[in-house]
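# Commentary on secondary and tertiary structure
This is what each chain is made of:
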Amino acid sequence: MKPFRQNNRPVISYVPRVEPAPPDHANKVEGFRDVWLLRGKYVAFVLMGEHFRRSPTFSMPEAAQRWAEQMRQEGEIDET
């Protein structure tokens with residue numbers, strides 16, 4: 001039986017994209033601080049310094065909000 005994972009393949013981690021602002025065609029999701037609906041998927045935008053960091057796409061808004069909260073904790077951003 002073959003192993004599921006190739007041991008010599010490097011693990012690729014996600015690097016958040018830097019954007020000037022959430023796109024105009026994204027819709028803010030009601031009840032969530034950082035979550036936007038973009039092309040049928042949920043994406044979090046977190047303001048870090050002068051730019052927004054964009055999360056990967058999620059199928060649930062709660063997951064995108066958790067990602068945003070984790071980014072805030074790692075970046076030690078002030079809650080305003």
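Look up: the structure comes first, before these words.
A short tour of the structure in this document, coming up. Small disclaimer: the values here were computed from a predicted structure and weren't measured.

Per the secondary structure count, the protein includes 1 helix and 5 strands. For the protein, the sequential pattern of α-helices and β-strands runs β-β-β-β-β-α. With 80 residues in all, the protein has 30% of them scored as buried. Partitioning the intrachain contacts of the protein with sequence separation of at least 6 by distance along the chain shows that 40% fall at a separation of at least 24.

Another aspect to go through is the environment of V18. In this fold, V18 is placed in strand β1 (residues 17-19). Along the primary structure V18 and R53 are separated by 35 residues, whereas in three dimensions their C-alpha atoms are 4.9 Å apart. Setting aside chain neighbours within four positions, we find V18 in contact with H51, F52 and R53.

Now for the sheet that holds β1. Whether parallel or antiparallel, the strands of a sheet pair through hydrogen bonds between backbone atoms. Across the sheet, which stays open at both edges, the 5 strands sit in the order β1-β5-β4-β3-β2 with antiparallel pairing between neighbours. Pairing within the sheet leaves two strands with one partner each, and these edge strands are β1 and β2 (27-28). For β1 and strand β5 (residues 51-54), the ladder comprises 3 bridges, and the chain directions are antiparallel. Residue V18 lies in a different strand from β5, and its bridge partner there is R53. This element, helix α1 (residues 61-75), spans β3 (35-38), β4 (41-48) and β5 of the sheet and lies at about 20° to β4.

Definitions and limits used
- Residues numbered from 1 in each chain as written.
- Predicted model: local features only at pLDDT ≥ 70, side-chain atom pairs only at ≥ 80, totals over all residues.
- Heavy atoms only, no water.
- Helix = DSSP H or I, 4+ residues; strand = E, 2+ residues; numbered from the N terminus.
- Buried < 20%, exposed > 50% of the residue type's maximum accessible area, 1.4 Å probe, protein only.
- Contact = heavy atoms within 4.5 Å.
- Pairing = 2+ DSSP bridges.
- Axes fitted to C-alpha atoms, helices over the stretch in contact; angles between N-to-C directions.

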